[in-house]
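One letter stands for each residue in the lines below.
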Amino acid sequence: MLRNGKFRIAAILLLLLIKATVHSQVPKNKGINHRDKEKIDNLLKTMTLDEKIGQLSLFRSGWDVTGPIINVNDKKLIGEGKAGAILNAYTVDYVHDLQQLAIEKSRLKIPMLFGYDVIHGHRTIFPIPLGQSCTWDLKIIEDAERIAATEATAEGINWTFSPMVDISRDPRWGRVAEGAGEDTWLGCKIAEARVKGFQGNDLKANNTLLACAKHFAAYGAPQAGRDYNTVDMSQLSLYEWFLPPYKSCVDIGVGSMMTSFNEIAGIPSTCNTWLLEDLLRKEWGFNGFVVTDWTAINELVSHGIAEDNKDAARLSLNAGVDMDMVGNTFLDYLPELLKEKKVALTRIDEAVRSILEAKALLGLFDDPYRYCNKTRQEQEIMTPGQLALARKMVSESCVLLKNPDHILPIPGKVKTIAIIGPLGDSKTDMLGNWYAAGQWEKCITLLEGIKNRTGEHMKVLYEKGCNTNDSDRSGFDAALKLAARADYIILALGENGWMSGEAASRSNIDLPGVQNDLAETIVKTGKPVAVILFNGRPLVIARLNNLPVAILETWFGGTQAGNGIADVLFGEVSPAAKLTMTFPRNEGQIPVFYNGKNTGRPFNLNDRDAKYVSRYLDCPNDPLFPFGYGLSYTSFAYSNLETNVDTRNIAVTVQVANSGNCDGEEVVQLYIRDNVGSITRPVKELKGFQKVLIKKGETKTIAFNITTDDLAFYHPDLKKYWEPGEFTVYVGTNSAETLSKSITVK
Ligand code: GLC
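Residues numbered from 1 in each chain as written. Predicted model: local features only at pLDDT ≥ 70, side-chain atom pairs only at ≥ 80, totals over all residues. Heavy atoms only, no water.

A word on the site of the ligand. By nearness alone, every residue bordering the ligand is listed as Asp-117, Phe-161, Arg-175, Lys-214, His-215, Met-258, Phe-261, Asp-293, Trp-294, Met-325, Trp-434 and Glu-502. At 2.8 Å from an oxygen atom of the ligand is found a side-chain nitrogen or oxygen belonging to Lys-214. In the model, an oxygen atom of the ligand is placed 2.6 Å from a nitrogen or oxygen of the Asp-293 side chain. Notes on the ligand: free accessible area 310 Å², of which the protein chains cover 95%. The residue inventory of the shell around the ligand, partitioned by class, reads 6 nonpolar, 1 polar and 5 charged. (Near = heavy atom within 4 Å. Polar contact = N/O pair within 3.5 Å; in protein donor to acceptor, adjacent residues only side chain to side chain. Areas by Shrake-Rupley, 256 points an atom, 1.4 Å probe, with all protein chains shown as cover. Nonpolar A, V, L, I, M, F, W, Y, C, P; charged D, E, K, R; others polar.)

The next thing to look at is the packing of aromatic side chains. This structure, assessed with the given rule, holds 21 aromatic pairs. Plain terms: the ring middles of Trp-555 and Phe-583 are 6.3 Å apart, the flat faces sit at 65° to each other, and that makes the pair edge-to-face. Of this pair, Trp-555 sits in the loop between strand 17 (550–553) and helix 23 (561–569) while Phe-583 sits in the loop between helix 23 and strand 18 (636–646), and the two are 28 residues apart along the sequence. Over the ring of Phe-593 we find Arg-169, and its NZ or CZ is 3.8 Å from the ring centre. (Phe/Tyr/Trp six-rings, centres within 6.5 Å; stacked < 30°, edge-to-face > 60°. Helix = DSSP H or I, 4+ residues; strand = E, 2+ residues; numbered from the N terminus. Lys NZ or Arg CZ within 6 Å of the ring centre and 35° of its normal.)

What follows covers the packing of helix 4 (residues 72–79) against helix 5 (residues 92–105). Contact pair helix 4 / helix 5: the axes reach a minimum separation of 7 Å and the direction vectors enclose 45°. In terms of orientation, helix 4 and helix 5 fall into the oblique class. Contacts between helix 4 and helix 5 involve Lys-75, Ile-78 and Gly-79 from the former and Leu-98, Leu-101, Ala-102 and Lys-105 from the latter. Considered class by class, the residues forming the contact of helix 4 with helix 5 number 4 nonpolar, 1 polar and 2 charged. (Axes fitted to C-alpha atoms, helices over the stretch in contact; angles between N-to-C directions. Parallel < 35°, antiparallel > 145°, perpendicular 65-115°, else oblique. Contact = heavy atoms within 4.5 Å.)

Moving on, we get to the environment of Asn-403. By the secondary structure assignment, Asn-403 is in the loop between strand 12 (399–402) and strand 13 (416–420). You can call Asn-403 buried: its relative accessible area is 13%. Dropping the residues within four chain positions of it, Asn-403 is found in contact with Leu-408, Ala-550, Leu-631 and Tyr-633. Within polar-contact distance, the side chain of Asn-403 engages the backbone nitrogen of Leu-408 at 2.8 Å. (Buried < 20%, exposed > 50% of the residue type's maximum accessible area, 1.4 Å probe, protein only.)

For the rest of this paragraph, the subject is the domain arrangement of the protein chain. The domain architecture assigned to the protein chain consists of domain 1 (46–377), domain 2 (390–588) and domain 3 (636–745). Distance between the C-alpha centres of domain 1 and domain 2: 35 Å. Across the boundary between the two partners, domain 1 contributes 45 residues, which contact 40 residues of domain 2. Between domain 1 and domain 2, roughly 3300 Å² of surface is buried when both sides are summed, and carbon and sulfur atoms account for 62% of that area. Its largest share of buried area at the contact with domain 2, domain 1 owes to Ile-125, Cys-134 and Pro-171, together 18% of the area lost on that side. Counting across the domain 1 and domain 2 interface gives 1 salt bridge. One salt bridge in this structure joins Arg-175 and Glu-502, with 3.5 Å as the shortest N-O distance. Connecting domain 1 to domain 2 are 24 residue pairs in polar contact (both at pLDDT 80 or more). Only helix 6 (129–133) and helix 7 (138–154) provide two or more residues apiece to the side of domain 1 that touches domain 2. The greatest single-element share of the side of domain 1 that touches domain 2, amounting to 4 residues, is contributed by helix 6. Looking at side-chain class alone, the side of domain 1 that touches domain 2 contains 21 nonpolar, 12 polar and 12 charged residues. (Domains from an automatic or database assignment. Buried area = accessible area lost by both parts, 1.4 Å probe. Salt bridge = Lys/Arg side-chain N within 4 Å of Asp/Glu carboxyl O.)

Okay, the packing of helix 7 against helix 8 (residues 184–199) next. At a closest axis distance of 7 Å, the pairing of helix 7 and helix 8 adopts a crossing angle of 30°. Remark: the crossing between helix 7 and helix 8 carries right-handed chirality. Contacts between helix 7 and helix 8 involve Leu-138, Ile-141, Glu-142, Glu-145, Arg-146, Ala-148 and Ala-149 from the first element and Lys-189, Ile-190, Ala-193, Arg-194, Lys-196, Gly-197 and Phe-198 from the second. (Left-handed = near helix turned anticlockwise from the far one by under 90°.)

With that settled, the discussion passes to the nonpolar core. Residues Trp-159 and Phe-216 are the most contacted members of the largest nonpolar core, which totals 90 residues. Sort the elements by how many residues they give to this core and helix 15 (residues 345–361) lands first, with 8 residues. Excluding residues within four positions of it along the chain, Phe-216 makes contact with Leu-243, Tyr-246, Met-257, Met-258, Thr-259, Ser-260, Ser-269, Leu-275, Leu-276, Leu-279, Leu-280 and Trp-284. Judged by nonpolar contacts, the second largest core, of 84 residues, contains Ile-125, Leu-423, Leu-547 and Phe-583. (Core = buried A, V, L, I, M, F, W, Y, C linked by side-chain atoms within 4.5 Å.)

Right under this line is the structure:
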């Protein structure tokens, strides 16, 4: 499949530019130079207590139709040098005004941090992170964050509350939209790519910003998939499955961490000394600063671990929190707590130092207006190259779940396409959630994207048919009439943008409203139907899956959604994306994920009637679509899996043939099973992948090399090491369809 020439060239040019500005990794040693250290030492000696506590406070800005708004008292505090950072403030003029207040009015002229939730783009909005993870393309993920950082810093932002690296195995939890799916190993790789994209290699450059790994820790494992709910698991599971991506961010030099709302086994993260001091700082060597999530300190009272906000402030500061996000508890209570000797000045100074060091790292002491460059704001936002990369990422994130009789790509002989469904022409929903400064009016909808491609040579009709989430069927007739006029039907179905993200847990994750009924009604026309899904989580789509339709999962693609999807629908791009989160058959299976344990009574597909095994009476064990699953317009055949064990190295090769009718990319996945361990081990664990272009008729030999380090796992003593013995190597197109070979590693 040839890509669209002009977009491809623009994307390549942009990638070359990105490469030129980013050299290598962020220094983990923080890189505070002697001059900055001296400046900070002197500041700490001269700052009043109020000025110190101001640095530990994150204030909020807001936006009204008339423009930015900020609380009058907060503005006064800025002028008095008692505000360390502001969130949700951007555009050069606004940031400049607030920074000028801090610099020109205050005694010590300490510049402020300007933080914002740049989660999947700033003005150019990319697919939601869950969709990005399905590209299995670490380079494009890093490049997208580079663009996000370029645009955000062009509007005055120097700190992002991103990446969200919470592993989750529960699609009822709405924030899976912001993450990288269920796999820890892949989650670590993606976490690194995102921090590198944001922080680049020189935090003092005016187009890089401080990243913030969140939500520390294990926020993605709430009981019942209900946001903010209790997290309770063994230390072993915490270490093995949920902590590693945060550690990957620390290892690559992330500048800040955000505490999560949840408790872990009785201790909320925001006052968890073991988590913030013993693990994060002492064991992992984190040397950035810790900010809480929104009013998370105040919420310690609701958790029932603090008597009141004053007690909460004490617990939180003493546990290792450095900055209070909009809770004002440090501002209100630290002077008293200090007087009462319930907190120590040394702890306050430690927290202030970590924040001043971050400002030094960003070069804000050298030039507090470094991020206030009007020319950049005019010239570096939503450029053709940035939009081209966004379009490319949309195409790369689309997962082809089903394609009976090659319904997709849309045949050239089609004369009239009917687009039916509530997501067919919805600009606002294309942004998904957490879209920051994204502008819905600039989004390309599916209808627009298809029209952009078909021009005059194909008629394109549209009917909404129904809403996303109510019982109104009054639009069905019009939809049926429209379908009668077409020879090809596209159903645009799914969730609205706000049915996932924060505070958006769903107990029923089916297609909402009457969309299934609409689909079943339209399919009765007997015409070819392709379903385009827009959603922020894996859905239960059993009814849809029972219909003879193609199904393309497109998540929420952002600014270029319609164009990127159209590139796939018309065969410009052969889909290569693979699921990074399992699609369950029903909610009863949740949590269902690929790297589970075998148990003592495993269900065996060869013995389907066995009763006394780990199974349901009313549903198979396997999910509807497994981790790593995704189809292509072509087909791939795997053969000749070979392994060679040489002491600590395990070489694996496999042949992959493109046995279909077009070129295509394939994500070849390598999994390992440790057959016998001193503790039980998962039936499979992802340990490598390669995304390769294989031309029609071509066969490629794909080689992997892993070491015994890749076989290491945490033991009950929380030490991580590997154990010699028998292993099974799996290589395949997804976690369920693999070739396998046994090996012995001594
Ligand atoms: C929210 C979110 C967090 C975000 C913060 C600032 O409640 O939990 O992810 O960064 O507040 O908007």
